[in-house]
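Given next are the chains, with one letter for each unit.
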Amino acid sequence: FGKVTREVILEPHHFITFAALLAIQGGILHTLQSASVAGEKRLSSDTYKKLNLGSILSSISALVGICWAAKMKCKVLWIFLTLGLYNIAQLGAASTGFYIGKTYKD
């Protein structure tokens, strides 16, 4: 939007938004890590399947935001690209957890 309206894009706002997202993701990932240590049966519960799905959607939305920042030629893009690597790893871990929970047979 900043490029279209010729406004200055406030990059500190992006940092605050991503910091909040990382805090939420960190809490969810800690919970999911505890569940994965407990075993496949716990990951197959409805709660943990929903947490994995939420984590997948969270990482996808963060990656879309990073792509948007790249398109807007953000001056500190390297920081967002580093966060992108974190979100790609999160996407892989949450997808694996979701798959394990979905395919578990008692």
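Draft legend 1. Expanded view of the overall build of the protein. Counting its regular elements, the protein contains 5 helices and 0 strands. Across the protein, helices and strands are ordered from the amino to the carboxyl terminus as α-α-α-α-α. Residue pairs at least 24 apart in sequence account for 71% of intrachain contacts in the protein once pairs closer than 6 positions are excluded. Accessible area for the protein stands at about 7100 Å²; split by element, carbon and sulfur atoms hold 69% of it.

Draft legend 2. Seen up close, the nonpolar core. Membership of the largest hydrophobic core is limited to 7 residues, which are Phe 18, Ala 62, Ile 66, Ala 69, Cys 74, Phe 80 and Leu 83. Contributing elements (two or more residues each) for this core: helix H4 (46-71) and helix H5 (77-103).

Draft legend 3. Spatial organisation of the pattern of salt bridges. If you walk through the whole model with that rule in mind, you get 1 salt bridge. For Asp 46, the salt bridge is made with Lys 50, and the minimal N-O distance between the two is 3.3 Å. Here Asp 46 and its partner Lys 50 are both found in helix H4, 4 residues apart, which amounts to about one turn of the helix.

Draft legend 4. Looking closely at the side chain of Gln 90. Tracing the backbone through its elements, the reader meets Gln 90 in helix H5. Apart from the residues lying within four places of it in its own chain, the contact partners of Gln 90 are Gln 25, Leu 29, Ser 55, Ser 58 and Ser 59.

Draft legend 5. Looking closely at the environment of Thr 31. Relative to the elements of secondary structure, Thr 31 occurs in helix H2 (residues 11-38). Its relative accessible area of 32% is what places Thr 31 among the partly exposed residues. A sequence separation of 20 residues divides Thr 31 from Leu 51, and the C-alpha atoms of the two residues are 8.7 Å apart.

Draft legend 6. Broad picture of H4. Helix length check: H4, at 26 residues, gives a terminal C-alpha distance of 38 Å against a target of 38 Å (1.5 Å per residue), a fit within 8%. Among the residues of H4, those classed as buried are Tyr 48, Asn 52, Ser 55, Ile 56, Ser 58, Ser 59, Ala 62, Ile 66 and Ala 69. Just downstream of H4 lies Lys 73, where phi reads positive at about 55°.

Draft legend 7. Geometry of the side chain of Gln 25. With respect to the element layout, Gln 25 can be found in helix H2. Gln 25 sits in the buried class, given a relative accessible area of 1%. Of note is the side chain of Gln 25, whose polar atom sits 3.4 Å from the side chain of Gln 90. Contact partners of Gln 25, with chain neighbours within four places excluded, come to Ser 58, Ser 59, Ala 62, Tyr 86, Asn 87 and Gln 90.

Draft legend 8. Summary view of a nonpolar patch on the surface. On the surface, Leu 53, Leu 57, Ile 60 and Val 64 cluster together into a nonpolar patch covering about 350 Å² of accessible area. Summarising the element assignment, Val 64 is placed in helix H4.

Reading guide: rules and limits
Residues numbered from 1 in each chain as written. Predicted model: local features only at pLDDT ≥ 70, side-chain atom pairs only at ≥ 80, totals over all residues. Heavy atoms only, no water. Helix = DSSP H or I, 4+ residues; strand = E, 2+ residues; numbered from the N terminus. Contact = heavy atoms within 4.5 Å. Areas by Shrake-Rupley, 256 points an atom, 1.4 Å probe, with all protein chains shown as cover. Core = buried A, V, L, I, M, F, W, Y, C linked by side-chain atoms within 4.5 Å. Buried < 20%, exposed > 50% of the residue type's maximum accessible area, 1.4 Å probe, protein only. Salt bridge = Lys/Arg side-chain N within 4 Å of Asp/Glu carboxyl O. Expected span 1.5 Å × (residues − 1). Polar contact = N/O pair within 3.5 Å; in protein donor to acceptor, adjacent residues only side chain to side chain. Patch = residues over 30% accessible without salt bridge, like charges linked within 9 Å, V, L, I, M, F, W, Y side chains within 5 Å.

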